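# Observations on the model geometry
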Amino acid sequence: MTSAAASPSSAGAFALRLQHVFVRMGVLPVLLVTAIIVFTLLSDNFLTEQNLTNVARQSTFLTIVAMGQMLALLTGGFDLAVGKTIAITSVIGAMVMSGYIADNPDSSGLAIAVGMLAGFCAGTMVGVVNGIGVAIFNVSPFMMTLGTASISFGIALTLTSGTPVYGMPDEFGSIFGFGVVLGIPAPVIVTIVLFLIMYLMLSWTRMGRYFYAIGGNYKASILSGIRTRFYLFMAYVLCGALAALAGILLTARLETGEANIGASLPLDSIAACVIGGVSLRGGVGRLGSVVLGAIFIGLVQNGMDLAQIQSYLQEVVIGALLIFAVIADQLRQRVLLRLRD
Amino acid sequence: MNAAGGAAQLGSPDDSGEPNLLLRIAGLSKQFPGVLALDAVDFELQPGEVHVLFGENGAGKSTLIQVIAGVHQPTKGTLRFRGMPVVLESVHHARTLGISAVFQEFSLVPTLSIEENIFLGAELTNHGFLNKRDLHHRAQDILTRLGFPLRPEQRVQFLSRAQQQMVEIAKAFRTDLSILILDEPTASLTERETERLFTLVEDAKGRGVGIVYITHRMSEIRRIGDRITVLRDGKKVATLGAREVDEDRLLELMTGRVISQVFPRIDYRPGEILLKAEHLTTARGDVRNFSFEVRAGEIVGLAGLVGCGKSEAGRACFGIEKLGSGRVFFRGDDVTEAAPGEMLERGFFYLPPDRRAEGLLMMSSVRENVSLAALRRRPFARFGFLNRVGERARVQELAKEFNLQPRNIERIVEHFSGGNQQKVLLAKALTLPIRLFVLDEPTVGVDVGTRVAIYEFIKALCEKGAGVLLISSDLPEILHLTNRVYILYRGQPRAELTGAQITQDRVLGHFFERKAA
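Note that this is a predicted model, so its numbers are computed, not measured.

## Regarding the overall build of chain A
Of the regular secondary structure elements, chain A holds 14 helices and two strands. Computed over its C-alpha atoms, the radius of gyration of chain A comes to 21 Å, within 12% of the 20 Å expected for a compact globule of 341 residues. In terms of overall dimensions, chain A has a C-alpha envelope of 80 × 55 × 35 Å along the principal axes. Per-residue burial over chain A gives 48% buried out of 341 residues. Considering only contacts within chain A whose residues lie at least 6 apart along the sequence, 79% involve residues at least 24 apart.

## Observations concerning the packing of helix H3 (residues 49-74) of chain A against helix H12 (residues 265-275) of chain A
When two helices pack together, their arrangement is captured by the angle between the axes and the distance separating the axes. All names here are of chain A. The interhelical angle for the contact between H3 and H12, taken along N-to-C directions, is 70°, at an axis separation of 8 Å. As judged from the angle between their axes, H3 and H12 are roughly perpendicular. When H3 is examined against H12, the residues Leu-62, Val-65, Ala-66, Gln-69, Met-70 and Leu-73 are found in contact with a partner set consisting of Leu-265, Asp-268, Ser-269, Ile-270, Ala-272 and Cys-273. A class-by-class count of the residues in the contact of H3 with H12 yields nine nonpolar, two polar and one charged.

## Here we look at the interface of chain A and chain B
The accessible area lost on association of the parts is a frequent measure of interface size. The partner chain B presents 24 residues to the 21 residues of chain A that form the contact. Mapped by element, the contributors of at least two residues to the side of chain A that touches chain B are helix H9 (206-216), helix H10 (218-223) and helix H14 (311-339) of chain A. Ranked by residues supplied to the side of chain A that touches chain B, first place goes to H9(A) with five residues. Partitioning the side of chain A that touches chain B into residue classes produces eight nonpolar, six polar and seven charged.

## Describing the environment of Ser160(B)
Tracing the chain through its elements places Ser160(B) in the loop between helix H4 (132-146) and helix H5 (161-172). On the basis of neighbour count, Ser160(B) is assigned to the exposed category, with 10 C-beta atoms found within 10 Å.

## Describing the confidence of the model for chain B
All names here are of chain B. Of the residues in chain B, 94% reach a pLDDT of 70 or more, and the chain-wide mean stands at 86. In the predicted structure, residues 1-16 sits below a pLDDT of 50 and forms 22 contacts with residues beyond four places in sequence or in another chain. Model confidence for the complex: the whole-complex pTM is 0.80, and ipTM, which rates the interface, is 0.83.

## Description of helix H8 (residues 247-255) of chain B
All names here are of chain B. Within H8, burial applies to Leu-250, Leu-251, Met-254 and Thr-255. Within H8, the buried residues cover an arc of 120° as seen down the axis, which keeps them to one side. Along its buried surface, H8 packs onto strand S3 (50-54), strand S11 (227-232), helix H9 (259-262), helix H16 (448-463) and helix H17 (475-481). Looking at the residues trailing H8, positive phi occurs at Gly-256, about 75°.

## Notes on the environment of Ser269(A)
Residue and element names in this part refer to chain A. Within the element layout of this structure, Ser-269 appears in helix H12. Separated by 201 residues in sequence, Ser-269 and Gly-68 have C-alpha atoms that sit 8.7 Å apart. Beyond its immediate stretch of four places on either side in the chain, Ser-269 contacts Leu-62, Val-65, Ala-66, Gln-69 and Val-82.

## What to know about the sheet that holds strand S1 (residues 23-32) of chain B
Residue and element names in this part refer to chain B. Spatially, the four strands line up as an open sheet ordered S2-S1-S4-S5, and their pairing is antiparallel. Because the sheet does not close on itself, it has two edges, and the strands there are strand S2 (35-45) and strand S5 (84-86). Averaged over all adjacent pairs, the angle separating strand axes in this sheet is 30°, with direction ignored. Both strand S4 (residues 76-81) and S5 contribute to a ladder of three bridges, which runs antiparallel. In the strand pairing of S5, Leu-79 is matched with Val-86.

## Description of unusual backbone geometry
With an omega dihedral of 0°, the bond running from Arg378(B) to Pro379(B) counts as a cis peptide bond. A cis amide bond links Gln405(B) with the next residue in sequence, Pro406(B), at an omega value of -10°. Relative to the elements of secondary structure, Pro406(B) occurs in the loop between helix H14 (388-401) and helix H15 (418-429). Look at Leu182(A): it is not a glycine, yet its phi comes out positive at around 50°. The phi angle at His279(B) is positive, at roughly 50°, despite the residue not being glycine. Position of His279(B) relative to the elements: it lies in strand S13 (residues 273-282). With 13 C-beta atoms packed within 10 Å, His279(B) lands in the partly exposed category.

## Observations regarding the pairing of strand S10 (residues 210-214) of chain B
Residue and element names in this part refer to chain B. The buried fraction of S10 amounts to four of the five residues, a majority that puts the element mostly inside the structure. Of the pairings in the sheet, the one linking S3 to S10 comprises four bridges and is parallel in character. Along S10, the bridge assignment pairs Val-52 with Tyr-213. Looking at chain direction, strand S9 (residues 179-183) and S10 are connected through five bridges and run parallel. Bridging from a neighbouring strand, Asp-183 pairs with Ile-214 of S10.

## Quick word on helix H6 (residues 191-206) of chain B
Residues and elements named next belong to chain B. In a regular helix each residue adds 1.5 Å, so 16 residues correspond to 22 Å; H6 covers 22 Å between its end C-alpha atoms and thus fits that length. Glu-193, Thr-194 and Leu-197 are the residues of H6 that are buried. Within H6, the buried residues cover an arc of 100° as seen down the axis, which keeps them to one side. In H6, the exposed positions angled more than 90 degrees off the buried face are occupied by Arg-192, Thr-199, Asp-203 and Gly-206. Contacts made by the buried residues of H6 are with H5. One or two steps after H6, the chain reaches Gly-208, where phi turns positive at roughly 85°.

## Topic: the sheet that holds strand S18 (residues 348-351) of chain B
Residues and elements named next belong to chain B. Strand order in the open sheet made by the six strands is S18-S21-S22-S15-S23-S24, with mixed pairing throughout. Single-partner strands in this sheet number two, and they are S18 and strand S24 (492-498). Taking the axes of each pair of neighbouring strands and ignoring which way they run, one obtains an average angle of 15° across the sheet. As paired elements, strand S15 (residues 299-303) and strand S22 (residues 467-471) share four bridges and run parallel to each other. Within the sheet, the bridge partner assigned to Val-300 lies in S22 and is Leu-469. Seen against the sheet, helix H18 (residues 504-511) touches S15, strand S23 (484-489) and S24 and runs at an angle of roughly 25° to S23.

## Things to note about the packing of helix H4 (residues 82-103) of chain A against helix H5 (residues 108-136) of chain A
Residue and element names in this part refer to chain A. The N-to-C vectors of H4 and H5 enclose an angle of 155°; their axes lie 7 Å apart at closest approach. In this view, H4 runs roughly antiparallel relative to H5, as classed from their interaxial angle. The hand of the H4/H5 crossing is right-handed. Partitioning the contact of H4 with H5 into residue classes produces 15 nonpolar, nine polar and no charged.

What counts, and at which threshold
Residues numbered from 1 in each chain as written. Chains lettered and ligands numbered in written order. Predicted model: local features only at pLDDT ≥ 70, side-chain atom pairs only at ≥ 80, totals over all residues. Helix = DSSP H or I, 4+ residues; strand = E, 2+ residues; numbered from the N terminus. Rg over C-alpha atoms; globule rule 2.2 N^0.38 Å. Buried ≥ 20, exposed ≤ 12 C-beta atoms within 10 Å, placed from the backbone. Contact = placed C-beta atoms within 7 Å. Axes fitted to C-alpha atoms, helices over the stretch in contact; angles between N-to-C directions. Parallel < 35°, antiparallel > 145°, perpendicular 65-115°, else oblique. Nonpolar A, V, L, I, M, F, W, Y, C, P; charged D, E, K, R; others polar. pLDDT = per-residue confidence, 0-100. Arc of directions from axis to C-beta. Pairing = 2+ DSSP bridges. Expected span 1.5 Å × (residues − 1). Left-handed = near helix turned anticlockwise from the far one by under 90°.

See the structure below:
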C-alpha cells in the first residue's frame, strides 16, 4: 500500500525501513527484544551474568541440533528424527563407554574416546539411513525421518530396557559436561567451533552453496550439473552427525545414557530455524539467525523458569511461538512481493 | 439480460447505444506487483464473431482473457456485458453469465474422472446428494455433441494432452455460452481434432456466441478469424479485419519493429560436427527414431507443434530424458545418457524453457544463480573453497555484458522482470567453456528489447564458432535465425530443410498431418 514514492514523511520512511528489516531478518529481532524486556521485568535474576551464562550453556544442545536441522530445511526437507538420534547416541555411547571401562579400569581416557566414537557413529548412522531413504528412494522426508525416529527409539529402549545406563568414567562428565575453559563452559566452546565450521561450509564451499540450490530449485540444480542426490544425502548425514554430537554433550551433562531424552528437539529445532527466518520451502536461511533462534528459545525457556511458569505450560508457549513464526514467514513473503520495486 | 432482447432499439439502461455488443471493455488496466500487465486497453466483442488476440508472450493477452473470465479483477476500467456495466467477481460469476474460458494451463483435477471434471463446481445434486447417474449421462451427451471420442468415467490423469484439452473444451460447453475464450486451443490437437474444433466454433458462431481466440498461427487466423486485436507491452496497438492484413504487417505490429530490425543477419560457417544423435528414441516414446546433427558455426532449428517431441529430443541429448534406444555423440565421444555435470564439463549447455520451474533459484541472488554451474572452476573457486571475490567480479562483468537491469547482482532473481531473468539464465552459459548451446524456447515471456538482445547473443555465439540448436515454437524465430531446420511431427522426423528452403509455407506444411494451406 505505502509505495516507496508516496511521501518523504519520516514516519512513512521509517515504516518502509521496518518492512525492509522485517523482510531481511524475519520476526526474530522483534521477538528477541520483546522477550528480553518481558523477562527482565518479570525477574530480577534474568539479566545477570550468571544467568546468561546459564542460558548459553543450556542452549548449546538446541543450537547444535538446529544447525543440523537447518541443512535439512535448506534442501526443502526436515529431520524429525533428531531427538531419537540423540537418544540412540546417548544409549550406545554410554553402554560402550561403561562396558569398556569395566573391562579396562585403568584406561578411562581410551574408554571415553571409544564410547564417544561409538555414540557418534550410531547417531550419524541414523542420518545415513535418512539420507539414503530421502535421496535414493525418494521417500518423503516426513515419512522417512518419522520412521527412523521410531526405529532408533525402539533400538535404544530395547538395548536399555528403558532404564538409564550408568558407569561411565567421571572424567567424561567433568570435562564435556561441566568443564570450563577460560571461564567458558566446554559445551559452549564446542558449539562455537561447530558454528565456525558450519559457517565455513555454508558460505565458502560448494557443498554449502549446493544445499541452498537444491532447496531453491531442485530441477535447476540438476541442469546445472549438481549431483543433487549426493548432496541431499549429505544434508541428512550432517544433520545426523550434528545431532549425535549434541547427544554426546547432553550425555556428559546428565552423566547417564538415556533413551528418553531429546523428545522435544524435533519441534524446538524446527522452531529455532523458522523463527530464524529459514524458509520451510527450502533454499533460504542464514546460519547466524538460526543460532539466534535457538538462543531465543533457550532464553524463553529460562525466562519462564525464572518466572516460575510450570514446564507443561512452557510447551504451550513454544508451540504458539512456532505457529506465530510460520504466520510471520507467510506475511514476510507477501511484504517481499510487494516490495519488489 | 433483459436488455438483450427486443427492447434494444429504444434505449437501454446505459447510453452506449450498442445493445448488440456482447462485450465492451474500456480503459482496462491491470496492475500486478511490479508489472503493469494491461495499460488502458479497449476491446469489444460482437455476437457471432471470432475476435483474435495477437501479441507476444507477455504482451497481456493472457491477463486480458483472465479478466474477461473473472480470474482477475481490473485495477481500472470498465466492462459492459450486453450493454450493462458488470464487475466480474469470480470465474463462477462469469460462468453464470455464460462466459467460459479454455486456458492453456488446464484446470483439471487429474485424480478425478472426466465427468467429475466437467461438472466440477456445478455438481448435479438430489436432496444434497450427488446425482451420479444424471451427471454421467449429461457428460456423455456433451462429449457426443462435441464429437470427442472419450469415455466420461475415464480418469483424467491417464489421458494424453490432446484428450485433456478436449475435456477442458467440453467443460466450457457445459453451460449455455455467450462468450467463449480459447487460448491456443489447437496447440496439442491433431489436424482432424482441429477441424472438429473449428466446426464447433462455426457452430457456436451461428448461435450468436462471441469467441475470443488466442493464436499465433496465420493459417488459423485466416480460417476462422473475423477481427484481430494486437497487443504489445500491455497496450492495444490496433484492431484490424482479419482478411485485410498480411503476416509481415502483423509481426510489425506485434514487435513494434520492422522484421529486419528484430532479426539480425547471421553469417553461418558450418564446421566440425558437435552433436550427433543417432536413432534417438525416448523411453516415454515422445521422440521416435530421430537422427540429427549440429555443427559448429551454425544454428539448427527444431520445430513442430507443441507436444511433437522437439523439447524432449533436446533434453534426451543432454541426458535428462530417459532414452529407450539410440546414441548421442558429442564431438565424436559417446555421451549417451551422461549426467548433466559431465555434459557441461564437455561444453554442452542446455537452456530450459521454463525459467521458474527448471532454470532459476528464484529466491537466490543473481550472483549465486549465474555462478551455480561453474563453482568448481576459476575464478569461482580457489583451493577447493569458493572465491567470492572472483565470483562477484566475473558475474558483475557478465551483468554488464548482458545489460542487466537493474544492475545489482545481489538482488534476488524473483525481483527482476522476465526478460532480465532470462538474461541471468543465459549469462550462466558463459561461465563455462561451452561449444554447443541447446536453447529451448529462449524468448518465452520476454519483452521485445530483450528478444532482440537474445537474438544478437545467439548471432554472436554462432559467428564465434559455437553450435546452436534452437528449439522453438515461435515460427518467425525459426524462419529468420536458422540455416537448417528439422521438423518433428508426433515424435518423428518429418523433414529437414536447409537455407532458402526454410519458408513459412514449407515449415508449416510439415507441422500438420497433411499439407496445410
